[in-house]
Amino acid sequence: MNVFKFGGTSVGSVANMHMVKDIIVDGRKKVVVLSAMSGTTNTLVKIHKLSIENKLDKALSELLVLQGHYTTVLDELFEKSDRKQLVSNYVDSVFQDLRQLVSAPSSSLLYNNIVSKGELLSSFMFTHFLQSQHVKACLLPALDFMRIDKDGEPDNFYIKQNLNRLVKERVAVDIYITQGFICLDNEGEISNLKRGGSDHSATIIGAALDADEVQIWTDIDGVHNNDPRFVEGTHAISNLSFDEAAELAYFGAKILHPQTVMPARKAMIPVRLKNTMKPNSYGTLINQNASEEGIKAIAAKDAITAIKIKSARMLQAHGFLKKVFEIFEKYETSIDMITTSEIAISLTIDDTGSLEAIVVELEKFSTVEIDEQQSIICLVGNQIVKHKDTYRFFQVLQDISIRMISYGGSNNNISILVRSEDKIKTLQLLNSYVFGKVTA
Ligand code: ADP
Ligand code: ASP
Ligand code: MG
């Protein structure tokens, strides 16, 4: 069994849905994980915001526009038929639910409920589209098997048991369609795997089914060596090891949700990234093979906060780091980068939800300085710390003010922290040095 995941652009238009159909109908059984149509989740997030701000009229008019879009898609996707009527009734009922949710915005699950609708819509429509084209397809509702535990981690035992049972119950099927992103929490309430989480759904499902391969189909021909939104002339990397891909995803390569690689690495299932619009291009294969030495790619992660914690007594005072880490542990805030000196440590976080409380506790034994709007620029590759050119890249960045450097923490990663306003320039400078012919 293989698992294929299609992102927002891949199911974002009727023409693209036809391309997806041509890709998945190849005579082999597979699970197909779908995102919401592109733009839908962003619009739902906006509608949620309007509703909690009590801007009901605006929220309802956004909903009307979105519903109009789905009506147009349905008209193009289906001939006039009972099936079309069935899908159209379903779409109407989802929008009716949404209108009710935004009109009485009291539930604590409002956000999770609202944003779940995009994947519910795309998967229902697409399953019926496949059936109308005589493909043996069925819907496997993600909420019947996908669940997270109290720490927000996939409940792998539950997922494996339920997913395998559901698949076995439906033998005469070639294509099992399911929703990415959405799941239940440990109390059985609607939840999700965070923005962009359909990639993660795909590898969780791949691991649960012991799949041969997980394919992530998107709007670009694989993982590029730098962020194509900010740097010109990037190219797809054909092979990445699990470790390299995990670092890249975690440190900002938007093409992969940060947690995507973990389940695949653990279960040793290769992950292939492919372009729906150019199915014949090779893409990127992520597996356990170690790759050539050297810098493979550069990525950036935004919205980073740097915290400097100073203590005159840190000098020779053992236990200081322990005290600091215990505070971050208590507030379940993970640290990305860290550097130390005799009297201070600097570290970075991306989740600032508990920052105020953390600072109050740190200030009991230190002085604290906060720098917001920082970006981590991360160089990823194999044995890059040892690579002969690596040490020179700081020369290339002589005009950029570097706030922190993390070097030697792993063989796969060198990270530097810069102000977000310097991010694009830093990406471009490093790109021309590392991948161009510029010498320092
Ligand atoms: P999907 O909707 O299919 O999940 P995403 O928008 O989440 O697609 O991810 C694909 C986009 O990620 C690309 O269109 C590209 O702009 C962006 N991107 C950022 N960094 C990279 C990278 N290193 N390699 C490839 N794409 C990247
Ligand atoms: N639709 C969700 C989002 O836009 C999940 C995904 O696309 O992966 O975040
Ligand atoms: Mg995505």
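In what follows, the accompanying structure is described. Since this is a predicted model, take the numbers as computed values, not measurements.

Structural notes on the packing of aromatic side chains
The relation between two aromatic rings is expressed through the spacing of the ring centres and the mutual angle of the planes.
No. 1: Under the criterion given, the structure shown has eight aromatic pairs.
No. 2: Judged by centre distance (5.8 Å) and plane angle (20 degrees), the rings of Phe6 and Trp217 are stacked. In this pair, Phe6 is assigned in strand β1 (residues 2–6) and Trp217 in strand β7 (residues 213–218), connecting sequence segments 211 residues apart. Residues Phe6 and Trp217 agree in their burial class; the two are buried.
No. 3: Pairing Tyr90 with Phe124 gives two aromatic rings, centres 3.8 Å apart and planes at 10 degrees, and the pair type is stacked. Taken together, the residues Tyr90 in helix α4 (residues 82–103) and Phe124 in helix α6 (residues 117–132) connect sequence positions 34 residues apart.
No. 4: By relative accessible area, which is 21% here, Tyr90 ends up partly exposed.
No. 5: Three or more aromatic residues joined by ring pairs make a cluster, and in this case those are Phe4, Phe6 and Trp217.

Things to note about the site of ligand 2
No. 1: By nearness alone, every residue bordering ligand 2 is listed as Ser35, Ala36, Thr41, Glu119, Phe181, Arg195, Gly196, Gly197 and Ser198.
No. 2: Within the backbone of Gly196, one N or O atom sits 2.8 Å away from an oxygen atom of ligand 2.
No. 3: In the model, an oxygen atom of ligand 2 is placed 3.0 Å from a nitrogen or oxygen of the Ser198 side chain.
No. 4: Compared with its free state, where it exposes 260 Å², ligand 2 has 86% of that area covered by protein.

Things to note about the environment of Val102
No. 1: With respect to the helices and strands, the residue Val102 is situated in helix α4.
No. 2: Distance from Val102 to Ile47, taken between C-alpha atoms, is 7.7 Å for residues 55 residues apart in sequence.
No. 3: When neighbours within four sequence positions are excluded, Val102 is seen to be in contact with Ile47, Ser51, Leu56, Ala59, Leu60, Leu63 and Ile114.

Thoughts on the sheet that holds strand β9 (residues 271–275)
No. 1: The eight strands lie next to each other as β3-β4-β2-β1-β7-β9-β10-β8, forming an open sheet whose pairing is mixed. A single partner strand is all that each edge strand has here, and the edge strands are β3 (137–139) and β8 (239–241). Going from strand to strand, the sheet's axes swing by 20 degrees on average, the running direction of each strand aside.
No. 2: Judged from the three bridges that link them, β3 and strand β4 (residues 175–179) form a sheet pairing that is parallel.

As for the site of ligand 1
No. 1: Near ligand 1, the surroundings consist of 16 residues, among which Lys5, Thr218, Asp219, His224 and Lys254 are the closest.
No. 2: Within the contact set of ligand 1, an oxygen atom lies 3.1 Å away from a side-chain nitrogen or oxygen of Lys5.
No. 3: At 2.8 Å from an oxygen atom of ligand 1 is found a side-chain nitrogen or oxygen belonging to Asp219.
No. 4: In the complex, the protein chains occlude 86% of the 570 Å² of accessible area that ligand 1 would expose alone.

Section: the pattern of salt bridges
No. 1: Scanning the entire structure with this criterion turns up 24 salt bridges.
No. 2: The partner of Arg272 in a salt bridge is Glu213, with the nearest N and O atoms 2.8 Å apart. Taken together, the residues span a long stretch of sequence, with Arg272 in strand β9 and Glu213 in strand β7 at a distance of 59 residues. In this structure, Arg272 and Glu213 share a single accessibility class: buried.
No. 3: Among the ionic pairs, Lys330 bridges to Glu361, the shortest N-O distance being 2.6 Å. With Lys330 in helix α11 (residues 320–330) and Glu361 in helix α12 (residues 355–362), this pair connects stretches of sequence that are 31 residues apart.
No. 4: Looking at Lys330, the relative accessible area reads 54%, which means it is exposed.
No. 5: On the basis of relative accessibility, which here comes to 16%, the residue Glu361 falls in the buried class.
No. 6: Three or more residues are tied together by salt bridges with common partners; here these are Asp26, Arg28 and Lys30.

Considering the packing of helix α3 (residues 56–77) against α6
No. 1: Orientation of α3 relative to α6, taken along the N-to-C sense of each, is 10 degrees, at an axis distance of 11 Å. Taken together, the axis directions place α3 and α6 in an arrangement best described as roughly parallel. For the pair α3 and α6, the contacting residues are Tyr70, Val73, Leu74 and Leu77 in the first and Leu121, Met125 and Phe129 in the second.
No. 2: Classifying every residue of the contact of α3 with α6 by side-chain character gives seven nonpolar, no polar and no charged.

Digging into α4
No. 1: Compared with an ideal rise of 1.5 Å per residue, which puts 22 residues at 32 Å, α4 spans 31 Å between its outermost C-alpha atoms and is within 8% of the ideal.
No. 2: Residues of α4 that are buried include every one of Lys84, Val87, Val91, Val94, Phe95, Leu98, Leu101 and Val102, and no others. Along the long axis of α4, the arc covered by the buried residues comes to 115 degrees, so they all point the same way. Among the exposed residues of α4, those pointing more than 90 degrees away from its buried face are Asp82 and Gln100.

Side note on the sheet that holds strand β11 (residues 294–310)
No. 1: Here six strands make up an open sheet; going across it, the order is β12-β13-β11-β14-β16-β15 and the pairing antiparallel. The open sheet is flanked by β12 (335–340) and β15 (402–410), the only strands paired with a single partner. Sheet twist, expressed as the average angle between the axes of neighbouring strands with direction ignored, equals 30 degrees.
No. 2: Of the pairings in the sheet, the one linking β12 to strand β13 (residues 344–349) comprises four bridges and is antiparallel in character. Paired with Ile338 across the two strands is Leu347, which belongs to β13.

Here's the deal with the environment of Lys425
No. 1: For Lys425, the position within the fold is in helix α14 (residues 423–434).
No. 2: Lys425 gets classed as partly exposed once you look at its relative accessible area, which sits at 43%.
No. 3: Taking the C-alpha atoms as reference, Lys425 lies 9.9 Å from Asp399; in sequence the two are 26 residues apart.
No. 4: Setting aside chain neighbours within four positions, we find Lys425 in contact with Asp399 and Ile400.

Procedures and definitions
- Residues numbered from 1 in each chain as written.
- Chains lettered and ligands numbered in written order.
- Predicted model: local features only at pLDDT ≥ 70, side-chain atom pairs only at ≥ 80, totals over all residues.
- Heavy atoms only, no water.
- Phe/Tyr/Trp six-rings, centres within 6.5 Å; stacked < 30°, edge-to-face > 60°.
- Helix = DSSP H or I, 4+ residues; strand = E, 2+ residues; numbered from the N terminus.
- Buried < 20%, exposed > 50% of the residue type's maximum accessible area, 1.4 Å probe, protein only.
- Near = heavy atom within 4 Å.
- Polar contact = N/O pair within 3.5 Å; in protein donor to acceptor, adjacent residues only side chain to side chain.
- Areas by Shrake-Rupley, 256 points an atom, 1.4 Å probe, with all protein chains shown as cover.
- Contact = heavy atoms within 4.5 Å.
- Pairing = 2+ DSSP bridges.
- Axes fitted to C-alpha atoms, helices over the stretch in contact; angles between N-to-C directions.
- Salt bridge = Lys/Arg side-chain N within 4 Å of Asp/Glu carboxyl O.
- Parallel < 35°, antiparallel > 145°, perpendicular 65-115°, else oblique.
- Nonpolar A, V, L, I, M, F, W, Y, C, P; charged D, E, K, R; others polar.
- Expected span 1.5 Å × (residues − 1).
- Arc of directions from axis to C-beta.

Structural measurements only, silent on function.
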